Amino acid sequence: MVNRHPERCVLVGAPVQSGTNRLGCDMGPSAYRAAGLVDAIRALGLPVEDAGTVAPAPFAVPPHPNPAIRHLAETAGWTLALTEAAFRHSAEARPIFLGGDHSLSAGTVAGMGLRARAEGRPLFLLWLDAHADLHTLDTTTSGNLHGVPLAYLTGRPGFSGYFPPLDVVLDPGRICMIGLRSVDPAERAVLRDNGTRVHDMRDIDETGIVAPLRAFLSEVSAADGLLHVSLDVDFLDPGIAPGVGTTVPGGATFREAHLIMELLHDSGRVRSLDLVELNPFLDERGRTALLMADLAASLLGRRILDRPTQSF
């Protein structure tokens, strides 16, 4: 299959923090910019544009019977705005969404679903996260809406009237989750039956990451698919990435994360990228922002021999 993905990158700020109960994620886009992401991309010889920051659209919702839910209207408004932004910016560029909490993926992936449909191609999703984020509005007990985007995107019930109508439902069989290590029973029950590829940290420890990731990427290539990558800070071990409000021990190492990024670059299939859940208020001298920017550069083509020394 011919790879028709554009080389030009566009950065899109998405300072979403309505999906979590902890303040600070709205500073994420600024931290990525301060970490030198634009310069890192330019150093690879790629054209890059900073498109500024998205704002949530007005979206009215009725009260939800689940009293735990917070900030529903605001999160739905972000979803609507980011769906439009993802579709628009992906027409002639590879958008990189600078988050913001993981509820933003409800919009970015929905917009990329529209882009895939417009090009007559299937959308695939690589979900790099400690969590499955498969709760519905009815099953969430925390009320944190960064735990629901995949339920919404895969068409699970309960979102009608509360989130924007979903024009393109994501096929769970085209999702690959890597790095899971904190999954609730309700989410585990869904994953048993919906056909999603799931590789938790035990799988990675036992068999490594290369074979399962290459198998997934081969499927994307065979279908001439668009691939969206959603990278959550908590995919990484908190020892190397402390700037996140949902730390779970035992995450990916520096070397594992860079290997994944380099394999993704080699595939030539990544059309769009989320960088989510960075909370600079919890970071240590910017080390998490610098690491995430470094990983994005690896995905875009930086090799280990070209990596600069960093001092914290």
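Residues numbered from 1 in each chain as written. Predicted model: local features only at pLDDT ≥ 70, side-chain atom pairs only at ≥ 80, totals over all residues. Heavy atoms only, no water.

**Regarding the pattern of salt bridges**
1) Next: All told, the structure shown has 13 salt bridges when counted by the stated rule.
2) Next: Between Arg-121 and Glu-119 there is a salt bridge, with its nearest N and O atoms 3.1 Å apart.
3) Next: A relative accessible area of 6% means that Arg-121 is categorised as buried.
4) Next: Under the relative-accessibility criterion, Glu-119 is labelled partly exposed at 27%.
5) Next: The partner of Arg-197 in a salt bridge is Glu-219, and the shortest N-O contact between them spans 2.1 Å. (Salt bridge = Lys/Arg side-chain N within 4 Å of Asp/Glu carboxyl O. Buried < 20%, exposed > 50% of the residue type's maximum accessible area, 1.4 Å probe, protein only.)

**Here we look at the packing of helix H9 (residues 254-267) against helix H10 (residues 287-299)**
Each pair of packed helices can be described by the angle between their axes along with the distance between the axes.
1) Next: In contact at an axis separation of 7 Å, H9 and H10 are set at 30° when each is read in the N-to-C sense. Here H9 contributes Phe-254, Ala-257, His-258, Met-261, Glu-262, Leu-264 and His-265 to the contact with H10, which in turn contributes Leu-291, Asp-294, Leu-295, Ser-298 and Leu-299. (Axes fitted to C-alpha atoms, helices over the stretch in contact; angles between N-to-C directions. Helix = DSSP H or I, 4+ residues; strand = E, 2+ residues; numbered from the N terminus. Contact = heavy atoms within 4.5 Å.)

**Re H9**
Side chains of residues three or four places apart in an α-helix project in the same direction, reflecting 3.6 residues per turn.
1) Next: Taking 1.5 Å per residue as the helical rise, H9 with its 14 residues ought to reach 20 Å, and the 20 Å between its terminal C-alpha atoms agrees with that figure.
2) Next: Looking only at H9, the buried set comprises Ala-257, His-258, Ile-260, Met-261, Glu-262, Leu-263 and Leu-264.
3) Next: Residues of H9 that are buried in the fold lie against strand S4 (123-128), helix H8 (210-222), strand S7 (226-232), strand S8 (270-276) and H10.
4) Next: Gly-268 occupies a position one or two residues after H9 and carries a positive phi of about 70°. (Expected span 1.5 Å × (residues − 1).)

**A short note on the sheet that holds strand S1 (residues 9-14)**
1) Next: Pairing within the open sheet is parallel, and its eight strands lie in the order S2-S1-S3-S8-S7-S4-S5-S6. The outermost strands of the open sheet, each flanked by one partner alone, are strand S2 (48-53) and strand S6 (197-200). On average, each strand axis in the sheet is tilted by 15° relative to the strand beside it, whichever way the strands run.
2) Next: The pairing of S7 with S8 spans six bridges and is classified as parallel. Within S8, the position partnered with Leu-227 by the bridge is Val-270.
3) Next: Contacting S4, strand S5 (175-180), S6 and S7, H8 crosses the sheet at an angle of about 160° to S4.
4) Next: Each of S7 and S8 touches H10; the most contacted strand, S8, lies at about 175° to it. (Pairing = 2+ DSSP bridges.)

**Here we look at unusual backbone geometry**
1) Next: For the bond from Gly-99 to Gly-100, the omega torsion is 10°, close enough to zero to count as cis.
2) Next: With respect to the helices and strands, Gly-100 occurs in the loop between strand S3 (94-99) and helix H4 (105-118).
3) Next: Although it is not a glycine, His-71 sits at a positive phi angle of roughly 60°.
4) Next: Here His-71 shows up in the loop between S2 and helix H3 (72-89).
5) Next: Residue class for His-71 comes out partly exposed when judged on its relative accessible area of 41%.
6) Next: A positive phi angle is found at Asp-224, which is not glycine, with a value near 50°.
7) Next: Along the chain, the position of Asp-224 falls in the loop between H8 and S7.
8) Next: Given the relative accessible area of 10%, Asp-224 is considered buried.

**Overview of the packing of aromatic side chains**
1) Next: A complete count under the given rule lists four aromatic pairs for this structure.
2) Next: With 5.0 Å between their ring centres and 50° between their planes, Tyr-152 and Phe-163 make a pair best called tilted. A residue pair is termed long-range when its members are at least 10 positions apart, and Tyr-152 in helix H5 (residues 149-153) and Phe-163 in the loop between H5 and S5 qualify at eleven residues.
3) Next: We classify Tyr-152 as buried; its relative accessible area is 4%.
4) Next: The structure contains a cluster of three or more aromatic residues connected by ring pairs, namely Tyr-152, Phe-159 and Phe-163.
5) Next: Its end group placed over the ring of Phe-87, Arg-115 keeps NZ or CZ at 4.1 Å from the ring centre.
6) Next: Geometry around Phe-124 places Arg-174 over its ring, the cationic atom sitting 5.6 Å from the centre. (Phe/Tyr/Trp six-rings, centres within 6.5 Å; stacked < 30°, edge-to-face > 60°. Lys NZ or Arg CZ within 6 Å of the ring centre and 35° of its normal.)

**Structural notes on the side chain of Ser-103**
1) Next: As for its placement among the helices and strands, Ser-103 is situated in the loop between S3 and H4.
2) Next: Each residue touching Ser-103, except ones within four places of it in the same chain, is listed here: Val-16, Gly-19, Thr-75, Leu-145, His-146 and Pro-149.

**Describing H4**
1) Next: Its 14 residues place the ends of H4 19 Å apart at the C-alpha level, agreeing with the 20 Å of an ideal helix rising 1.5 Å per residue.
2) Next: Buried residues dominate H4, accounting for twelve of its 14 residues.
3) Next: Those residues of H4 that fall on the buried side of the exposure criterion are Ser-105, Ala-106, Gly-107, Thr-108, Val-109, Ala-110, Gly-111, Met-112, Gly-113, Leu-114, Arg-115 and Ala-116.
4) Next: On its buried face, H4 is in contact with H3, S3, S4, H5, S7 and S8.
5) Next: Just downstream of H4, Gly-120 is the residue with a positive phi angle, here 70°.

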